[in-house]
Amino acid sequence: MKRIRGLWRELRFVFALRVLPVKVALFHWRAHRLALRLGDSFSLTSATRPRDLAKLIELAHSRKCVVELGTGTAWTAISLALANRACKVVSYDPIERPERDFYIRLVGLSVRDRVELIVAPGADGGAGGDQPVDMLYIDSSHACQETIREVRAWQPALADDALLVFDDFTHPLYPGVREAVAQLGLGGQQHGSLFVHRAVPSAAERRG
């Protein structure tokens with residue numbers, strides 16, 4: 001019976017991948033199997049859900065620079081680079097998880113070269129980048145004040161019409177995300193567990 005339940009879970013996982021681009025789905029299938037072999041329960045439980053990841057990939061389409069706050073084991077960062085060959089993905093996390101090295105080896109050098117993993121809190125970034133940030137994806141501490149600090153740290157680096165995407169916006173265990181969005185006064189749309197805000201330059205910025 002245990003074997004049957006395990007097989008059923010695997011089939012459900014594979015079926016859920018149908019919403020992803022083929023090469024991203026293949027990476028997730030390989031990463032999932034590797035996580036099982038490694039006993040990496042963190043990745044198996046924390047990886048971005050396929051439907052949310054599909055939306056992220058859609059939002060990142062044609063964008064040149066994406067910053068992720070909250071690397072985990074880098075499945076999302078790798079997926080975004082896989083889906084968009086013109087995109088550089090920079091991901092911040094204060095915790096360096098050694099497992100991420102195994103997963104990034106599952107993709108070719110052309111993808112690895114466009115994924116930069118920085119061991120630092122997300123609020124430490126945002127200044128001095130070599131190009132404007134087209135999309136900021138926040139999936140870090142989920143605490144209200146920390147999320148606010150991260151947004152404010154990165155606002156000067158955002159390109160005109162950049163997207164701010166907050167993960168776990170509806171998660172009952174992480175009310176800080178919704179509270180941060182409300183305190184920042186950000187309008188936007190909810191897509192599954194994601195909240196998407198489009199940054200619009202002020203009238204003064206547009207004039208000069």
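Structural notes, computed from the coordinates. Remember, it's a predicted structure, so these values are computed and weren't measured experimentally.

Cut-off values and rules
Residues numbered from 1 in each chain as written. Predicted model: local features only at pLDDT ≥ 70, side-chain atom pairs only at ≥ 80, totals over all residues. Heavy atoms only, no water. Helix = DSSP H or I, 4+ residues; strand = E, 2+ residues; numbered from the N terminus. Expected span 1.5 Å × (residues − 1). Buried < 20%, exposed > 50% of the residue type's maximum accessible area, 1.4 Å probe, protein only. Salt bridge = Lys/Arg side-chain N within 4 Å of Asp/Glu carboxyl O.

1. Side note on helix H2 (residues 22-38)
An ideal rise of 1.5 Å per residue puts 24 Å on 17 residues; H2 measures up with 24 Å between its terminal C-alpha atoms. Looking at the residues trailing H2, positive phi occurs at Gly39, about 70 degrees.

2. Regarding helix H4 (residues 50-60)
Of all 11 residues in H4, nine are buried, a share of seventy percent or more. Along H4, the positions that sit buried rather than exposed are Pro50, Asp52, Leu53, Ala54, Lys55, Leu56, Ile57, Leu59 and Ala60. Just beyond H4, the residue with positive phi is Ser62, at close to 70 degrees.

3. A few points about the pattern of salt bridges
Considering all chains together, one arrives at seven salt bridges under this definition. Residues Lys88 and Glu116 are paired through a salt bridge, measuring 3.4 Å at the closest nitrogen-oxygen approach. Taken together, the positions of Lys88 in strand E2 (residues 88-93) and Glu116 in strand E3 (residues 115-119) put the pair 28 residues apart, joining distant regions of the chain. We classify Lys88 as partly exposed; its relative accessible area is 27%. One salt bridge connects Asp161 with Arg198, and the closest N-O pair in it is separated by 3.1 Å.

4. A look at unusual backbone geometry
In the Ramachandran plot, Ser62 falls in the positive-phi region, its phi being about 70 degrees despite a non-glycine side chain. Within the secondary structure layout, Ser62 lies in the loop between H4 and strand E1 (65-69). At His142, a residue that is not glycine, the phi angle is positive and equals roughly 70 degrees. Within the element layout of this structure, His142 appears in the loop between strand E4 (133-138) and helix H8 (144-154).

Everything listed here is a matter of geometry and, on its own, says nothing about what the molecule does.
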